[in-house]
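Given next are the chains, with one letter for each unit.
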Number of protein chains: 4
Amino acid sequence: MTQHYETIVIGAGVIGSSIAYHLSRRGRRVLLLEQETIACKASSAAAGMLGAQSELKADGSPLFELAKESRAMFPDLADDLKMYSGMDISLKQQGIYKIARNEEEKRELRHYGELQRQSGQNAEWLEAEELQIREPAVSSQLTGGLFLPDDGQVSAPDLSRAFALSAIELGTTLKEYTKVQSLLIKGDSISGVSTNGGEYQANEVVIACGAWSEEVLGEALDTYPVKGECFSVNTKRNLISGTLFSKDCYIVPKSGGRLVVGATEQPGTYDETVTLGGVFPLIKEAIRLLPELAYAEWESAWTGLRPQTRNETPVLGPHPDYRNLFLATGHYRNGILLSPITGKLIADMIEGTPVPEQWITTATTINQGGVL
Amino acid sequence: MTQHYETIVIGAGVIGSSIAYHLSRRGRRVLLLEQETIACKASSAAAGMLGAQSELKADGSPLFELAKESRAMFPDLADDLKMYSGMDISLKQQGIYKIARNEEEKRELRHYGELQRQSGQNAEWLEAEELQIREPAVSSQLTGGLFLPDDGQVSAPDLSRAFALSAIELGTTLKEYTKVQSLLIKGDSISGVSTNGGEYQANEVVIACGAWSEEVLGEALDTYPVKGECFSVNTKRNLISGTLFSKDCYIVPKSGGRLVVGATEQPGTYDETVTLGGVFPLIKEAIRLLPELAYAEWESAWTGLRPQTRNETPVLGPHPDYRNLFLATGHYRNGILLSPITGKLIADMIEGTPVPEQWITTATTINQGGVL
Amino acid sequence: MTQHYETIVIGAGVIGSSIAYHLSRRGRRVLLLEQETIACKASSAAAGMLGAQSELKADGSPLFELAKESRAMFPDLADDLKMYSGMDISLKQQGIYKIARNEEEKRELRHYGELQRQSGQNAEWLEAEELQIREPAVSSQLTGGLFLPDDGQVSAPDLSRAFALSAIELGTTLKEYTKVQSLLIKGDSISGVSTNGGEYQANEVVIACGAWSEEVLGEALDTYPVKGECFSVNTKRNLISGTLFSKDCYIVPKSGGRLVVGATEQPGTYDETVTLGGVFPLIKEAIRLLPELAYAEWESAWTGLRPQTRNETPVLGPHPDYRNLFLATGHYRNGILLSPITGKLIADMIEGTPVPEQWITTATTINQGGVL
Amino acid sequence: MTQHYETIVIGAGVIGSSIAYHLSRRGRRVLLLEQETIACKASSAAAGMLGAQSELKADGSPLFELAKESRAMFPDLADDLKMYSGMDISLKQQGIYKIARNEEEKRELRHYGELQRQSGQNAEWLEAEELQIREPAVSSQLTGGLFLPDDGQVSAPDLSRAFALSAIELGTTLKEYTKVQSLLIKGDSISGVSTNGGEYQANEVVIACGAWSEEVLGEALDTYPVKGECFSVNTKRNLISGTLFSKDCYIVPKSGGRLVVGATEQPGTYDETVTLGGVFPLIKEAIRLLPELAYAEWESAWTGLRPQTRNETPVLGPHPDYRNLFLATGHYRNGILLSPITGKLIADMIEGTPVPEQWITTATTINQGGVL
């Protein structure tokens, strides 16, 4: 016998779990389907930067607005998730430094900062000496840094799990190791899904499967995976308070003296192997930025597959051909940052609450001619 | 541009790797496609018993013949795989004891042994005292055991990897993290496969994806997964030389004092979680059979999903509707044991070498009405 | 050249790290010596219960007073450690239930609770039905429980590391992989220590090496190790809010649906092996108390060696023969709970601040006739 | 009550286990004491090279003779250990290439090879092109290599465990987690040992504790630890058959496509931390020698502490002051290679079998003035 839910969310990564959480808070009966386990892929691989400004140019694009909006949601969100799940997401609001290693990068970053300030954001240029005063462990060989004090970070695995556990606490049914084999189509709508564990029906279906969304949806969704390799080390004191971010790597200071260093960028592969040639240049650049890392203790290395789109904008909104099918993927390196606003927006759309037009991107990011 | 191979084998578990190995030895240009990594699922989870007699009734069925034939291939295979891959598969031919814990089980096993002997196999009933003389660490509270001296064991992960690496050495191209999205159909044949890494063409395609074969093939293949939980312990001396096998668990003595204990049986789920309620009765029974295990060191626990068929016979042979599509799955608990003969048979069929009719099972095990 | 410090603390477990933390806060220059790494033994193995009432009879003993005092320090401590180290110690104040499984245990626990209340503590007897209302996942087959609402828990590994990292932040020098080979004696005082990394001098020396304190001090300290085995599981929702504690096991609900189950008691061995016979009865009892645990996911198992004393009282205070040598060990199952007060007391003693006489136990717990 | 044995061997690393094995084969009743677990330190960290020629100059020194003698013992040893323990030690006799990266290194290595040949050993100089024909995956940017065909390798952890398990099979009693606190001295002999698990008496005592031997013996043994960091990667085919060995790293091809890369050299520390600054230059040099390693999969990193002596000669033989105390340590990077001959020699000495004078080194390597 087929079971019926109000909304089926496919994918229990940070995006799908946030959507399930927001829908459950509004009283919806949600089924959250996950092919393996909660946050087992990119959501747990992420370094957890909330880089609204460090990752995105202040160009007035909808994505930049979305990012700022989402970043602002974290303080309240941290409290709410703590209340529902008992979990601490380790929100740290101590800024991100975009590092210049030569005069050319300095010029670029000063210009980048100028744009940020013009758009009303905080952004402070620090000469090499000022940078060293703020973060004494940083190399004295750098040319300076653009400090973005409002960017921050969370524990990505904890945020993802806290979303999922809070959703469950609020009534969501989670089914792990459940693979969607096909969407059940009925005219211009989706009546449910067929899985390796049977069929489920629902009023709406949301696909939030990151780099695997295309596979669930069909062939024509214009996204591709970008493999990223990372590693972590342990130290016995907090070397830096803010995150360091050069063009070749970032170093995110986690709790207890742990630091996460990332990330390579290899588009178009589903390979999840950590390669020697991948970690080598990351280690080199990390020691260059923060020389004391040479004495840090190796912990581990891992990969994640980020879902990117050809127009570099997330896919958010209803499917153009199926009125009750929603898509939320393509967040690339910003999935952790954008997870709160994505959850809220998809919940709004499902409830029929008006959403700013420019944030609905499915009409333009889905290939011409239909996707299924 | 689409690449062309002679044969595409889908699935680099023990079955697919054996097929690729056998085809490569015969000079075929093989592409071996694997969704994740070599032997990452059931093939590495297996305890590695070669239980032709302990697992299968001597009922003259084709499966029993197949099992005996395959078991006999291991000594030469071990040498060949060593030569090609440099790997030792830890073949141990020290028998399996089917354990009776009460008079009823004793009656059953004596009858079981009688059938084995009538079919020409070795099988020796041991009273409790005789069992204790052979294997002094075994509990004195048991009722006896049926000793099957010709059954044995290998290291399942090593066998699987040795097949794959030997195949590669012999010319097979392996592509990991490559997921087959669809078979490319051309009339009554398959022209190749479409994957998340592009299209590949071939003269023949083999599906050897264990419990995931149905997903690759389509919906109607009559198989289902049977979840099994196992655990391992370490000791400082070899407690037993042969494998102990009661109705509730088996204990397989591995190299270096390690023992593998298995396995639960939970049909119809793709869940890969090791549960407390799963390992608990295994621990209980293992200590009952081999009391010294109480002092053994806990190592780890894991699961595997075995592919079972409704008629309890592997699916081996050409697809009834597509002349160049071959299937090799449904080996249930006997995938390690049957991997050599399966590789040989599928290679024979592809080459057109005659194969005993009764071993070709696809016509009867594939659902009426076509599978795609 | 020998380096000089004000105080040398030997052992960077939770006790030594707390002492280093308290001394550093008061401006002392501390050297913290650790044979391996921070909290690598019992401190990280602990389940983290703050069981002032659940572990100790309300008998007016100094140990009970010490425990209550220490428990009361945790809320402020959590804030301070967060400030210095950035780490969250996951303080949870949701009580401990002492579980009765039959009428006899019920009588005992009601009496135990009566004593607690008479001593001014909160303790509430819950009949089986009331227990099930508070904690619906608890088995309906139990006879009731004594609820101790003021007991709680922390993350033991995080507390230990937070103490050490805070101490370092406050000026402590940590040297890991540094083994003390002998104390340097000069008349009735200790002038320093000789280690595998050279000699260090100090005004005072503190031995806080848990079950290994005797080895550092010499032969006659009247303590012995008690081995304890534990395991953990993961669930997708918080099954219980308070800790369950029967005579045969405890179940501590950690963050994110994780639960820690402990612990065996094996006195007199330094063996750190997790045995099958050790975890088996723990699993059995845990499922008995909380039947849903049968569906929980196995995570891992480990051991710790708790330092116990023959008179069941920690060894706290100056050595009777050496005026500047201090001892802090013998905390048995209460090391996490007693770590704040121990750190404070030893710091007081070193500074010459008066300390309640009854809390100084070295004169009575150290063997007659001198210890070195 | 004190238990009595014929010989107590302290340390169940590869040296102590080999000694226990050789003594047990000759019928001695041996007690093997181990502070933690079998081969938990340097013996399992070793890459397992049997580099009699690659590690040691052909200078006619006793150490070189010892090394050749020991290397020659491996084929028979592999069979014997297989028989007693059931374990395969993965002996591979495919040579070691000493790599020249420039003309100066080439001159040095040609001279080194000339000396080897003069001493009767095989050693073949290969120009860059010849090297590439033998090992096509090796970089084409190298200047050549000296091939030492008789050097080889084993699995160091398996060899160590096989020694210990064979010894146990032959009657040795192993006690893990047993720490020797002091030697029991009786005039000019040792009557036994005092441990954290009680006292044991014996006719002879052997100290084989590697870098920790000094600690067991007392202060004046003239040895020191040399920390080495290593890492391993996995590949899907055997990139090389022989071991590559440049001045800055070695690459040892293990079974199943695994390669071990080592090792840093940091004298005088007991620190066992894998540092970023340690693995970085190893990765760099390894990719330089074998460019395909850039695509290899990262597996893990670890450290070992090798016991070195000031005169760079192992400490082998009876203690000058105590007639029944034997020492076997200081094997530096050659512990795996020298383990068979060391076991044999110490057993000979204990039995009173004459041993070549020049191989007994304790008189010269133990400090003037007595060691205890």
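**Points about the overall build of chain A**
When helices and strands are tallied, chain A shows 11 helices and 19 strands. Taken over the C-alpha atoms alone, chain A extends approximately 65 × 40 × 40 Å along its principal axes. Expressed as a percentage of its 372 residues, the buried residues of chain A come to 62%. Residue pairs in contact within chain A that sit at least 24 positions apart in sequence constitute 74% of those at least 6 positions apart. Here chain A has roughly 13400 Å² of accessible surface; of this, 45% comes from carbon and sulfur atoms.

**A short note on helix 1 (residues 14–25) of chain D**
Residue and element names in this part refer to chain D. With 12 residues, helix 1 should reach 16 Å at 1.5 Å per residue; the first-to-last C-alpha distance of 16 Å fits that figure. Listing the buried residues of helix 1 in full gives Val14, Ile15, Gly16, Ser17, Ser18, Ile19, Ala20, Tyr21, His22, Leu23 and Ser24. Count one or two residues on from helix 1 and you reach Gly27, which has phi positive near 90°.

**Describing the packing of aromatic side chains**
Following the criterion strictly, the structure yields 32 aromatic pairs over all chains and no others. Aromatic pair Phe245(B) and Tyr250(B): ring centres 5.9 Å apart, planes at 70°, arrangement edge-to-face. Per residue, the accessibility class of Phe245(B) equals that of Tyr250(B), and both read buried. What links up through ring pairs into an aromatic cluster is the set Phe231(A), Trp298(A), Phe231(D) and Trp298(D).

**A look at the interface of chain A and chain D**
Think of interface size as the accessible area that goes away when the parts come together; that is how it is often given. Facing 19 residues of chain A, the contacting portion of chain D comprises 18 residues. When chain A packs against chain D, close to 1600 Å² is buried across both sides, 80% of that on carbon and sulfur atoms. The interface formed by chain A and chain D holds zero salt bridges in total. Connecting chain A to chain D are six residue pairs in polar contact (both at pLDDT 80 or more). If one sorts the elements of the side of chain A that touches chain D by residue count, helix 9 (residues 276–289) of chain A sits on top with seven residues. Residues belonging to the side of chain A that touches chain D are distributed by class as follows: 13 nonpolar, four polar and two charged.

**What about the relation of the copies chain C and chain A?**
For the pair chain C and chain A, the relating rotation is 180°, the translation along its axis is 0.0 Å, and the fit reaches an RMSD of 0.0 Å. On this basis, the relationship between the two copies can be described by a two-fold rotation axis. No C-alpha of chain C approaches the rotation axis more nearly than that of Asp88(C), which lies at 4.2 Å. A shared binding surface is used by both copies, with 100% of the interface residues of chain C retained as interface residues in chain A.

**Quick notes on the side chain of Thr269(C)**
All names here are of chain C. Relative to the helices and strands, Thr269 is located in the loop between strand 16 (266–267) and helix 9 (276–289). Separated by 3.0 Å, the side chain of Thr269 and the backbone nitrogen of Asp271 make a polar contact. Contacts of Thr269, omitting those with residues within four sequence positions, involve Pro225, Lys227 and Leu305.

**Observations concerning the packing of helix 1 (residues 14–25) of chain C against helix 10 (residues 335–351) of chain C**
All names here are of chain C. Where helix 1 contacts helix 10, the axes come no closer than 8 Å and their chain directions differ by 40°. Considering their axes alone, helix 1 and helix 10 lie oblique with respect to each other. Once helix 1 is placed against helix 10, the crossing between them reads as right-handed. On the side of helix 1, the interface is formed by Val14, Ile15, Ser18, Ile19, His22 and Leu23, while helix 10 contributes Gly335, Ile336, Ser339, Pro340, Thr342, Gly343, Lys344, Ile346, Ala347 and Ile350. When the residues that make up the contact of helix 1 with helix 10 are grouped by side-chain class, the tally is nine nonpolar, six polar and one charged.

**A word on the interface of chain C and chain A**
Each partner contributes to the interface: chain C provides 18 residues, whereas chain A provides 18 residues. Buried surface at the junction of chain C and chain A, summed over both partners, amounts to about 1400 Å²; 43% is from carbon and sulfur atoms. Of all residues in chain C, Arg161(C), Lys236(C) and Gly256(C) bury the most surface against chain A, accounting for 38% of the area lost on that side. Across the contact surface, chain C and chain A share two salt bridges. One salt bridge connects Lys236(C) with Glu176(A), and the closest N-O pair in it is separated by 2.6 Å. For the pair chain C and chain A, the number of links is eight residue pairs in polar contact (both at pLDDT 80 or more). Looking at the side of chain C that touches chain A element by element, the count peaks at three residues for helix 7 (residues 156–169) of chain C. Split by residue class, the side of chain C that touches chain A holds five nonpolar, eight polar and five charged.

**Focus: unusual backbone geometry**
The residue after Gly262(B), namely Ala263(B), is reached through a cis peptide bond having omega -15°. Looking at where Ala263(B) falls in the secondary structure, it is placed in the loop between strand 15 (258–262) and strand 16 (266–267). In the Ramachandran plot, Ala39(A) falls in the positive-phi region, its phi being about 55° despite a non-glycine side chain. With respect to the helices and strands, the residue Ala39(A) is situated in the loop between strand 2 (30–33) and helix 2 (42–45). Not every positive phi belongs to a glycine, and Glu312(D) is a case in point at roughly 55°.

**A look at the confidence of the model for chain A**
All names here are of chain A. Chain-level statistics for chain A give a pLDDT mean of 95 and a share of 97% at 70 or above. A low-confidence stretch, residues 368–372 stays under pLDDT 50, and its non-local contacts, those more than four residues away or across chains, total 13 contacts. Reported confidence for the predicted complex is 0.94 by ipTM and 0.96 by pTM.

**Here's the deal with helix 4 (residues 62–85) of chain B**
Think of an α-helix as 3.6 residues a turn; residues three or four steps apart then line up on the same face. Residue and element names in this part refer to chain B. The sharpest bend along helix 4 reaches about 45° and sits at Pro75. Along helix 4, the residues classified as buried are Leu63, Phe64, Leu66, Ala67, Lys68, Ser70, Arg71, Phe74, Leu77, Ala78, Leu81 and Ser85. Directly beyond the C-terminal end of helix 4, a positive phi value near 80° is found at Gly86.

**Quick look at the relation of the copies chain A and chain D**
Between chain A and chain D, which share one sequence, the superposing operator has a rotation angle of 180° and an axial displacement of 0.0 Å; the RMSD is 0.0 Å. A shared binding surface is used by both copies, with 95% of the interface residues of chain A retained as interface residues in chain D.

**With respect to the environment of Gly210(D)**
Examined against the element boundaries, Gly210(D) turns out to sit in the loop between strand 11 (198–207) and helix 8 (213–217). Taking C-alpha positions, Gly210(D) is 14 Å from Gly228(D), a pair spaced 18 residues apart along the chain.

Here is what the cut-offs are and how they apply
Residues numbered from 1 in each chain as written. Chains lettered and ligands numbered in written order. Predicted model: local features only at pLDDT ≥ 70, side-chain atom pairs only at ≥ 80, totals over all residues. Heavy atoms only, no water. Helix = DSSP H or I, 4+ residues; strand = E, 2+ residues; numbered from the N terminus. Buried < 20%, exposed > 50% of the residue type's maximum accessible area, 1.4 Å probe, protein only. Contact = heavy atoms within 4.5 Å. Areas by Shrake-Rupley, 256 points an atom, 1.4 Å probe, with all protein chains shown as cover. Expected span 1.5 Å × (residues − 1). Phe/Tyr/Trp six-rings, centres within 6.5 Å; stacked < 30°, edge-to-face > 60°. Buried area = accessible area lost by both parts, 1.4 Å probe. Salt bridge = Lys/Arg side-chain N within 4 Å of Asp/Glu carboxyl O. Polar contact = N/O pair within 3.5 Å; in protein donor to acceptor, adjacent residues only side chain to side chain. Nonpolar A, V, L, I, M, F, W, Y, C, P; charged D, E, K, R; others polar. Least-squares fit on C-alpha atoms with pLDDT ≥ 70 in both. Axes fitted to C-alpha atoms, helices over the stretch in contact; angles between N-to-C directions. Parallel < 35°, antiparallel > 145°, perpendicular 65-115°, else oblique. Left-handed = near helix turned anticlockwise from the far one by under 90°. pLDDT = per-residue confidence, 0-100. Bend = angle between axes of the 7 residues up to and from the residue.

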